[in-house]
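Below, each chain spelled out in residue letters.
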Amino acid sequence: MTDKATKAKLLKRLLTLLTFILSLPIFASVIWLLLMGDYDCEVVLRLPKLQLGIGIGLIVTFLVSNIAVFLQSRFPMLGLLVVMVPLIVMFTVGLALIGAYNMESRNLPGSPMWLKLKVHDNDNWNYIKKCIYDTGACNDLVSRSLTLKSYDFNSKRLSPLEFNKLTISNIYMLLIMHITSTSTMGFMKFCMLPFLKAGCCKPPTTCQMQYVNATFWEKQNVAEDSSYPYDSDCDTWTNDQGTLCYNCNSCKDGFLSTLQGKWWTLGFFLVVMALVLIVSHLLLFLASMLEHYAI
């Protein structure tokens, strides 16, 4: 065996090991998806079924990727063709979930447009708001704010912007926290609350209501601030603990932001992993060809 053939064989072995290691996050993501199967209120939109389907697809992709690695030694072209099919599907689904280009469709479950249409559908929202109420999203606000004055509470008010401004590193840290959390459901509820409490448990700040406690606000007879557009949620808000702002647009937007954040993260993961594995398998194919012709 020539020196060139030896180097080609060593390169192929390194790429084989690298490809296997790069496929491990796909297997880990399956565990992540299965742990999130009962995520609060997604069942109303039947998203757990989509989640299960993606999980099964990822298991198939993981198995095919590693089978293709072993096929590369004897049938390089066949191995490459076999693995490219699930990886391209995985890449396409990822693009759809993040709403890239024209992939976004109102008929495609999990896409931003589909989620928006489903959440803003009145029939669906009646079930969703009941689910949000049953989870007790607003129950702990009163006990946590008993000693707070109006200024203190407003200075700590929750806003969807806290999660909308996530950087890639923040998303990665949330994923690690989720996987390592001793209580998966507890972690998901923690992620869910800033959106819901900001939109469902308190009136919009522009309403200029008088703070009594976290879920009880008094309407004031003050001149309308022309610097802010009129917010219909100000009329929708009620101090009834079973209603609060569950009928407000801000509540719908908060719930929608929660869902879109989760499914966008999953779509981003699918796109990145698909691209990484496509490149890895192409390099492995080239290394196999190099070894074959070097001998």
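Calculation rules
Residues numbered from 1 in each chain as written. Predicted model: local features only at pLDDT ≥ 70, side-chain atom pairs only at ≥ 80, totals over all residues. Heavy atoms only, no water. Disulfide = S-S within 2.5 Å. Helix = DSSP H or I, 4+ residues; strand = E, 2+ residues; numbered from the N terminus. Buried < 20%, exposed > 50% of the residue type's maximum accessible area, 1.4 Å probe, protein only. Phe/Tyr/Trp six-rings, centres within 6.5 Å; stacked < 30°, edge-to-face > 60°.

**Some thoughts on the state of the cysteines**
Counted by the stated rule, this structure contains four disulfides. The side chain of Cys41 participates in a disulfide bridge whose partner is Cys131; the two sulfur atoms lie 2.2 Å from each other. With the S-S bond torsion at -100°, the cross-link from Cys41 to Cys131 turns out left-handed. Residue Cys41 is located in the loop between α1 (3-35) and α2 (47-71), and its partner Cys131 is located in helix α5 (residues 122-134); the two are separated by 90 residues in the primary sequence. Judged by its relative accessible area of 3%, Cys41 falls in the buried class. With its sulfur 1.9 Å from that of its partner, Cys207 forms a disulfide with Cys234. Linking Cys207 and Cys234, the disulfide has an S-S dihedral of approximately -95° and is accordingly described as left-handed. You can see Cys207 sitting in the loop between α10 (184-200) and β1 (210-213) and its partner Cys234 sitting in helix α11 (residues 233-236), a full 27 residues away along the chain. On the basis of relative accessible area, Cys207 is assigned to the buried category, the value being 13%.

**A word on the packing of aromatic side chains**
All told, the structure shown has five aromatic pairs when counted by the stated rule. Ring centres of Trp264 and Phe268 lie 5.3 Å apart, and the angle between their planes is 10°; on these two criteria the pair is classed as stacked. Residue Trp264 and its partner Phe268 are located together in helix α12 (residues 249-294), separated by four residues, close to a single helical turn. On the accessibility criterion, Trp264 (33% relative accessible area) is partly exposed.

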